[in-house]
Amino acid sequence: MGAAKGKSAAVDIDTGERTVRLSSPDRVVFPERGFTKLDVARYFVAVGPGILRALRDRPTTLQRYPEGAAGEFFYQKRAPKNHPDWIPTATIAFPSGRTADEMCPTEVAAVIWAAQYNTLTFHPWPVRGDDLDHPDELRIDLDPQPGTDYTDAVRAAHELRSLLGEFGGLEGWPKTSGGRGLHVFVPIEPRWTFTQVRRAAIAVGRELERRMPDAVTTAWWKEERGERIFVDYNQTARDRTIASAYSLRARPHAPVSAPLRWDEVEDARPEDFDLATMPGRFAEVGDVHAGMDEHRHSLEALLALADQDERDHGLGDLPYPPEYPKMPGEPKRVPRPRAPPDALRRPRPGRSGGADTTRQGGTRGYSSLIRMSRYEITSVTPCTCTPT
């Protein structure tokens, strides 16, 4: 049967495990570079083993762009009712008490199925389907603030690497955010709660801030951060996620969140990793984070550091995001007064301004979507397919 007028015929995408139907393959998703929906699907197939390693068995939120990368987007946690029975789900509970099922990918075909529904960015939880309350990754987000850039994040990342090694021999795995920042993931034993993992992240941020006071900050209020790299400790709070490795980001040049080796971090440029270039890199070097899950680390040394900070310096908890319920021991969330415009720091010459954001453009409805997106995972539907 031919395609309807003005629409291209659907195509079948072979992922190796199964075939997934892709409708409107010629629809342009990244207008500036002309990349189509088919290009997006082929990209995910090309990096399939890598993105599946990042998502496997993890409850995953889909960041969907029905109008393309330049248009509106939304976060989908509720798997569509017609989702294939070969994609397992985890049951999440809304604050209202309602529940929803979130997909847990176990094969590359699940990624292509999500791409059929215009997903560009995947946001996996730091837990697996068999234990939804104990993270198996400590995720550290190095977020450049106005007046700083990737180069500043690199300097912080190198010091972070040394710090992690000193506290329990932790090994971090760096990747670009797809913007100007860096993410460093540490595989950990799934023994600690979200609250404890967040406490460890705060300890990391404070120690990094002590070592680089003019370059790093843990200040939650933006007005207090200055031209420094913000260690976003709240990315480890329950129901906060970070874009997965190999996810596409909705910026004009179609960048990706690119896994790196430590010896690449210094000379890497985030703009060099995109939909067009990453398949070639993957074919040449494979998934440079393939060994990430081979050894898991203990948080005991970092939690001891957190205890010492609280005992010796009176440094307890830090504020949670505003949509979270008040937590035990959390300081007051009274917003700091905004500084007058002429008192705000301006970017230094040669530096790009603006904080590292999830996307650019089309932000209508964004705040309400964020407020609606805070749910809690309570149980999991077992997978009936054969893991790859």
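Anything mentioned here points back to the structure above.
Residues numbered from 1 in each chain as written. Predicted model: local features only at pLDDT ≥ 70, side-chain atom pairs only at ≥ 80, totals over all residues. Heavy atoms only, no water.

### Some thoughts on the packing of aromatic side chains
Right, so step 1: By the definition in use, this model includes twelve aromatic pairs.
Right, so step 2: Aromatic pair Phe230 and Tyr233: ring centres 6.5 Å apart, planes at 80 degrees, arrangement edge-to-face. Here Phe230 matches Tyr233 in class, with each residue buried.
Right, so step 3: Both rings, one in Tyr246 and one in Phe282, keep their centres 5.6 Å apart while their planes meet at 80 degrees; by these two values the pair is edge-to-face. In this pair, Tyr246 is assigned in the loop between β14 (229–231) and α6 (262–265) and Phe282 in helix α7 (residues 278–285), connecting sequence segments 36 residues apart. (Phe/Tyr/Trp six-rings, centres within 6.5 Å; stacked < 30°, edge-to-face > 60°. Buried < 20%, exposed > 50% of the residue type's maximum accessible area, 1.4 Å probe, protein only. Helix = DSSP H or I, 4+ residues; strand = E, 2+ residues; numbered from the N terminus.)

### With respect to the sheet that holds strand β11 (residues 173–176)
Right, so step 1: If you walk across this open sheet you meet the five strands as β11-β12-β10-β14-β13, and the pairing is mixed. The sheet is open, and its two borders are formed by β11 and β13 (216–217), each paired with just one other strand.
Right, so step 2: Each of β10 (137–144), β13 and β14 touches helix α5 (residues 194–211); the most contacted strand, β10, lies at about 40 degrees to it. (Pairing = 2+ DSSP bridges. Contact = heavy atoms within 4.5 Å. Axes fitted to C-alpha atoms, helices over the stretch in contact; angles between N-to-C directions.)

### Here's the deal with the pattern of salt bridges
Right, so step 1: On inspection of all chains with the given rule, the structure shows 29 salt bridges.
Right, so step 2: One salt bridge in this structure joins Glu207 and Arg211, with 2.9 Å as the shortest N-O distance. Of this pair, Glu207 and Arg211 are both found in helix α5, four residues apart, which corresponds to roughly one turn of the helix.
Right, so step 3: Classification of Glu207 by relative accessible area gives buried; the value is 13%.
Right, so step 4: Judged by its relative accessible area of 28%, Arg211 falls in the partly exposed class.
Right, so step 5: A salt bridge links Asp312 to Arg311, with the shortest nitrogen-to-oxygen separation between them at 3.3 Å.
Right, so step 6: By relative accessible area, Asp312 is classed as partly exposed at 45%.
Right, so step 7: Its relative accessible area of 59% is what places Arg311 among the exposed residues.
Right, so step 8: Connected via shared salt-bridge partners are Arg58, Arg128, Asp136, Glu137, Arg139, Asp293 and Arg296. (Salt bridge = Lys/Arg side-chain N within 4 Å of Asp/Glu carboxyl O.)

### Thoughts on the sheet that holds strand β9 (residues 119–124)
Right, so step 1: The strand order β6-β5-β9 describes an open sheet built from three strands, whose pairing is antiparallel. The open sheet terminates on both sides in strands that have one partner only, identified here as β6 (74–76) and β9. Direction aside, neighbouring strands of the sheet carry axes that sit 30 degrees apart on average.
Right, so step 2: As defined by bridge partners, strand β5 (residues 60–64) adjoins β6 across three bridges and the pair is classed as antiparallel. By the bridge assignment for β6, Arg64 is matched with Phe74.

### Observations regarding the pairing of β10
Right, so step 1: A large share of β10 lies buried, amounting to eight of its eight residues.
Right, so step 2: The alternating pattern of β10 places Glu137, Arg139, Asp141 and Asp143 and Leu138, Ile140, Leu142 and Pro144 on opposite faces, both of which are buried.
Right, so step 3: Note that β10 and β14 share three bridges and pair antiparallel. Bridge pairing links Asp143 to Phe230 in β14.

### Remarks on unusual backbone geometry
Right, so step 1: Even without a glycine there, the phi angle at Tyr246 is positive, about 75 degrees.
Right, so step 2: Positive phi, close to 60 degrees, is recorded for Ala254, a residue that is not glycine.
Right, so step 3: Mapped onto the fold, Ala254 is located in the loop between β14 and α6.

### A look at empty space enclosed by the protein
Space left empty within the atom packing is revealed by a probe, the size of a water molecule, rolled over the atoms.
Right, so step 1: For the structure on display, the rule yields five cavities of 30 Å³ or more.
Right, so step 2: Taken as a whole, the largest cavity encloses approximately 80 Å³ of empty space.
Right, so step 3: If you trace the largest cavity, you find it lined by Arg53, Ala54, Pro124, Glu137, Arg139, Trp173, Lys175, Phe185, Ser244, Ala245, His289 and Met292.
Right, so step 4: Those elements that provide at least two residues to the lining of the largest cavity are α2 (48–55), β10 and β11. (1 Å grid on protein atoms, 1.4 Å probe; cavity = no way out; pocket = protein on both sides within 12 Å on 5 of 7 lines; lining within 4 Å. Points joined across faces, edges and corners; volume = space filled by probe spheres on them.)

### Focus: the environment of Glu227
Right, so step 1: Relative to the elements of secondary structure, Glu227 occurs in the loop between β13 and β14.
Right, so step 2: Judged by relative accessible area, which is 9%, Glu227 ranks as buried.
Right, so step 3: Separated by 81 residues in the primary sequence, Glu227 and Pro146 have C-alpha atoms spaced 5.9 Å apart.

### Focus on the pairing of β9
The side chains of a regular strand alternate, residue by residue, between the two faces of the sheet.
Right, so step 1: When you tally the buried positions in β9, you get six out of six residues, the bulk of the element.
Right, so step 2: With five bridges connecting them, β5 and β9 associate as antiparallel partners. When the sheet's bridge partners are listed, Thr60 is paired in β9 with Pro124.

By themselves these figures say nothing about function.
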